[in-house]
Amino acid sequence: MTLLELKNISVHYGRIQAIKEMSFTVEEGEIVSLIGANGAGKTTTMKTISGLLNPTGGIISFMGEDITKMKAHIRVVQGISQAPEGRGIFPAMTVLENLDMGTFGRKDRTGVKDDLERVFTLFPRLQERQKQYGGTMSGGEQQMLAIGRALMSRPKLLLLDEPSMGLAPQFIRQIFKIVTEINTQGTTVLLVEQNANQALARAHRAFVLETGEITHSGTGKELLANPAIKEAYLGVG
Amino acid sequence: MIPTLLTLLPAASADDSSWITFDIPSLMQNFWSATFDGLTFGSIYALVALGYTLVYGVLNLINFAHSEVFIMGCYGVFFTLSFLGFGPSAPNLSVGSIIVNLLLALVVAICASALTAFLLERLAYKPLRKRNAPRLVFLITAIGASFTIQYTIFLVRGPNPEPALTMFKSRPIFEVFGTFIYDQQLIIVIAAVIMMVITERFISKSRTGRGIRAVAQDPDTATLMGVNKEKIIITTFVIGGILAGAAALFYVMKIPSGVQYNGGFILGIKAFAAAVLGGIGNVRGALLGGLLLGLIGNYGQILLGNSQWTDVVAFVVLVLVLLLRPEGILGTSLGRSKA
């Protein structure tokens, strides 16, 4: 089943067009990666899907329903959850309060405890640091918190915007391993990354984004093997 | 011109070489009465300061029209009292009917202030947000809204203060450190503290409170968590209005003759200063800043021997504190995202 579909989406910042008639789909159960350089439009795409930005053209549908005009805070309740670029940790809230914010839009309070258990199993570090303020945590810990918090809304689609940004290599491997684990537990993942190597290796399908347009698409393995992509994004060739 | 100028200076006796004198014996003698009265004014400042601080938290905006939110509450009190038939001297009423009258005036004041805050946000600020206006435009709009409300009142009620209406004669009820505490002081401080504690609890514990803190720290991420930012903003304005309405009742109790079209201005500035002193955006900071400003002003006034000095001393202390701690005493902990 198609979970998310973007059809001819355009986004403008003032007169500058950041996304040009972009179309792609995310099927239920997949990990889909969007890779691209700085300024290619990756974060803009994510913000348009989560509703922080309004497209100037095109249609976004989620589970077959047109959500193009739906407000961002409603989309969370519908099942789209995002760990934003830069992690967006609330600095003056504790780890537990940050996680609790992830349940803000939820009506079923009963499942919250189970989901907290699940997040603590995925990220034992967060359980150890429950009482610590978000602003005082390391980058890697904040990223875990951002992903854990996004999971607290029990999303159907998890949007991850550059989870590896600014992290030490051992954290990057750990984060990507956990992304795969979250996916096998049944959450569809749309991942945006500059770290193309890991993002392609973990993805079922992937797209390459260049100045607001999709230039390549295929399975993660196909793109990893593509010489042009190797040269441009994988630092080999 | 010279005689006029001279009269502006505090009266210095002939044998004084300097025009500022420190009357330390008088401060010692009146220390406790200055303290109790300072705390009374301070809790009024603190209630208004909360309105500045909460709105600054969620919108990063100094809502200069908050002083008019406050003065509308004062008019609410005034009209309630004149409707109930109060005059310049206090009538002889039973405790029960005094309480009923106070509560009635409180409800009307809160409604008037909260409604003003609500309309202010809906008519002045929300349209600007929809157009993604730069921050400077919000600030100028705030000042414009402040003048608009002031001169609308001027148009309707004229330039003069409304007649003073007294609810009840303030009586001393007990003695602490050789100084009487008046029932009025006690009512104001206790009621204000209760309201502040409720507000603090609400912000830190309730679901809406969590939403307010989330929007204050990172509005975009708050939205991604399912927080309806617009609803949080209007709620914050209304909470600020409710607190300003309560402050209005206490203020009119204390200074019955202060209801005037521009009567909110000075108090608004002081409450804003209190918010900055404690750390703007910080709820506890507003409480601390309000109380400190009330105390400092009162001590300074007695020390320097002239009530004209109240505001000068308060603001000098504000400047000194900010020189050493630009974030205010408690800092902006409810605060902004550092990212």
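All residue numbers refer to positions counted from 1 along the written sequence of the respective chain. Chain labels run from A onward and ligand labels from 1 onward, assigned in the order the entries are written. Reporting in this predicted model follows two pLDDT cut-offs: at least 70 for local features of residues, and 80 or more for side-chain atom pairs to be given and counted; totals over whole chains, interfaces and linings ignore these cut-offs and use all residues.

**Here we look at the overall build of chain B**
Moving on, step 1. Numbered from the N terminus, helices here are DSSP runs of H or I no shorter than four residues, and strands are runs of E no shorter than two. When helices and strands are tallied, chain B shows 12 helices and 2 strands.
Moving on, step 2. Listed by position from the N terminus, the elements making up chain B come as α-α-α-α-α-β-β-α-α-α-α-α-α-α.
Moving on, step 3. Within these notes, the globule rule equals 2.2 Å times the number of residues to the 0.38 power, and the radius of gyration is based on C-alpha atoms. Taken against the 2.2 N^0.38 rule, which gives 20 Å for 339 residues, the C-alpha radius of gyration of chain B at 21 Å falls within 12% of a compact globule.
Moving on, step 4. Across its three principal directions, the C-alpha atoms of chain B cover 65 × 50 × 45 Å.

**Observations concerning the nonpolar core**
All names here are of chain B.
Moving on, step 1. For our purposes the nonpolar core covers buried Ala, Val, Leu, Ile, Met, Phe, Trp, Tyr and Cys residues that link as a set through C-beta atoms within 7 Å. Here the C-beta atoms are placed from the backbone, and a residue counts as buried if at least 20 other C-beta atoms lie within 10 Å of its own, exposed if 12 or fewer do, and partly exposed otherwise. By size, the foremost hydrophobic cluster in this structure holds 163 residues, and its most contacted members are Ala 46 and Ala 247.
Moving on, step 2. It is helix H2 (residues 24-59) that provides the largest number of residues to this core, a total of 17 residues.
Moving on, step 3. The contacts of Ala 46, once residues within four sequence positions are left out, are Ala 192, Met 196, Ala 274, Ala 286, Leu 287, Gly 290 and Leu 291. Here the contact rule is simple: place C-beta atoms from the backbone, and any two residues whose C-beta atoms are within 7 Å are in contact.

**As for the packing of helix H6 (residues 183-205) of chain B against helix H7 (residues 207-217) of chain B**
All names here are of chain B.
Moving on, step 1. For every element, the axis is a line fit to its C-alpha atoms; helices are fit only across the contacting stretch, and the angle between N-to-C directions ranges from 0 to 180 degrees. Interhelical geometry of H6 versus H7 gives an angle of 75 degrees and a closest axis separation of 5 Å. Judged by the inter-axis angle, H6 sits roughly perpendicular to H7. In this structure, H6 uses Phe 202, Ile 203, Ser 204 and Lys 205 to contact H7, whose residues at the interface are Gly 209, Ile 212 and Arg 213.
Moving on, step 2. For the contact of H6 with H7, the class distribution of residues is 3 nonpolar, 2 polar and 2 charged. An angle below 35 degrees is treated as roughly parallel, one above 145 as roughly antiparallel, one from 65 to 115 as roughly perpendicular, and anything else as oblique. Residues are grouped as follows: Ala, Val, Leu, Ile, Met, Phe, Trp, Tyr, Cys and Pro are nonpolar; Asp, Glu, Lys and Arg are charged; every other residue, Gly included, is polar.

**Looking at the sheet that holds strand S10 (residues 213-219) of chain A**
Residues and elements named next belong to chain A.
Moving on, step 1. A pair of strands is considered paired only if DSSP assigns at least 2 bridges between the two. In space, the 6 strands of this open sheet follow the order S6-S7-S8-S3-S9-S10, with mixed pairing throughout. Each edge of the sheet is formed by a strand with only one pairing partner; in this case those strands are strand S6 (80-83) and S10. Along the sheet, successive strands turn relative to each other by an average axial angle of 15 degrees, direction set aside.
Moving on, step 2. Strand direction decides the pairing type here: strand S7 (residues 157-161) and strand S8 (residues 188-193), joined by 5 bridges, are parallel. Counted as the bridge partner of Asp 161 is Val 192 from S8.
Moving on, step 3. Its contacts with the sheet put helix H1 (residues 42-50) on strand S3 (31-36), S6, S7, S8 and strand S9 (205-210), and the angle it makes with S7 is roughly 150 degrees.
Moving on, step 4. Against the sheet, helix H6 (residues 139-151) contacts S6 and S7, and its axis sits at roughly 170 degrees relative to S6.

**Side note on the interface of chain B and chain A**
Moving on, step 1. In this complex, chain B contributes 20 residues to the contact, which on the side of chain A involves 20 residues.
Moving on, step 2. Sorting the residues of the side of chain B that touches chain A by element identifies H7 and helix H8 (219-224) of chain B as the ones contributing at least two each.
Moving on, step 3. With 5 residues, H7 of chain B is the largest single contributor of residues to the side of chain B that touches chain A.
Moving on, step 4. Looking at the side of chain B that touches chain A residue by residue, the classes come out as 6 nonpolar, 9 polar and 5 charged.

**Here's the deal with the pairing of S7 of chain A**
Residue and element names in this part refer to chain A.
Moving on, step 1. Where burial is concerned, most of S7 is hidden: 5 out of the 5 residues are buried.
Moving on, step 2. Judged by which residues are buried, S7 turns out to be covered on both faces: Leu 157, Leu 159 and Asp 161 on one side and Leu 158 and Leu 160 on the other are all buried.
Moving on, step 3. Where S6 and S7 come together, 4 bridges link them in parallel fashion. Its bridge partner lying in S7, Ile 80 is registered against Leu 157.
Moving on, step 4. The crossover handedness rule: strands pointing away from the viewer, path from first strand over the helix to second strand clockwise, crossover right-handed. Following the backbone out of S7, through helix H7 (residues 169-184) and into the adjacent parallel S8, one traces a crossover that is right-handed.

**Observations concerning the pairing of S10 of chain A**
Residues and elements named next belong to chain A.
Moving on, step 1. Here S9 runs beside S10; their pairing, made up of 6 bridges, is antiparallel. In the sheet register, Val 208 faces S10, and the bridge partner there is His 216.
Moving on, step 2. Taken together, S9 and the strand that follows it, S10, pair antiparallel across an intervening segment of 2 residues, in which Thr 211 is found at a positive phi of about 35 degrees.

**What to know about the sheet that holds strand S4 (residues 57-62) of chain A**
Residue and element names in this part refer to chain A.
Moving on, step 1. Reading across the sheet, the 4 strands line up as S2-S1-S4-S5 and stay open at both edges, with antiparallel pairing between neighbours. Each edge of the open sheet carries a strand with a single partner, namely strand S2 (16-27) and strand S5 (65-66).
Moving on, step 2. Strand direction decides the pairing type here: strand S1 (residues 2-13) and S2, joined by 8 bridges, are antiparallel. Bridged to Val 11 within S2 is Ile 19.
Moving on, step 3. Lying on the sheet, H1 is in contact with S1, S2 and S4; it crosses S2 at an angle near 65 degrees.

**Quick look at helix H4 (residues 95-130) of chain B**
Residues and elements named next belong to chain B.
Moving on, step 1. How far a helix is expected to stretch is found by multiplying one less than its residue total by 1.5 Å. Between the first and last C-alpha of H4 there are 50 Å, a value that for 36 residues agrees with the 52 Å anticipated at 1.5 Å per step.
Moving on, step 2. Two axes are fitted around each residue, one to the seven residues ending there and one to the seven starting there, and the angle between them is reported as the bend at that residue. The sharpest bend along H4 measures roughly 35 degrees and falls at Arg 122.
Moving on, step 3. Backbone geometry just downstream of H4 places Asn 132 in the positive-phi region, at approximately 55 degrees.

**Notes on H6 of chain A**
Residues and elements named next belong to chain A.
Moving on, step 1. Between the first and last C-alpha of H6 there are 18 Å, a value that for 13 residues agrees with the 18 Å anticipated at 1.5 Å per step.
Moving on, step 2. Extensive coverage of H6 is indicated by the burial of 11 of its 13 residues.
Moving on, step 3. Turning to H6, its buried residues are Glu 141, Gln 142, Gln 143, Met 144, Leu 145, Ala 146, Ile 147, Gly 148, Arg 149, Ala 150 and Leu 151.

**Details of the confidence of the model for chain B**
Residues and elements named next belong to chain B.
Moving on, step 1. Of the residues in chain B, 92% reach a pLDDT of 70 or more, and the chain-wide mean stands at 85.
Moving on, step 2. Every residue is assigned a pLDDT by the predictor, reflecting its confidence on a scale from 0 to 100. The secondary structure element of chain B with the lowest average pLDDT is helix H1 (residues 2-8), at 45, and the one with the highest is helix H9 (residues 229-254), at 94.
Moving on, step 3. Across residues 1-9 the pLDDT falls below 50, and counting only partners more than four positions away or on other chains, this stretch makes 1 contact in the model.
Moving on, step 4. For residues 335-339, every residue scores under 50 in pLDDT, and the model assigns this stretch 13 contacts once sequence neighbours within four places are set aside.
Moving on, step 5. Across the interface, the model reports ipTM at 0.91; the global pTM reads 0.87.

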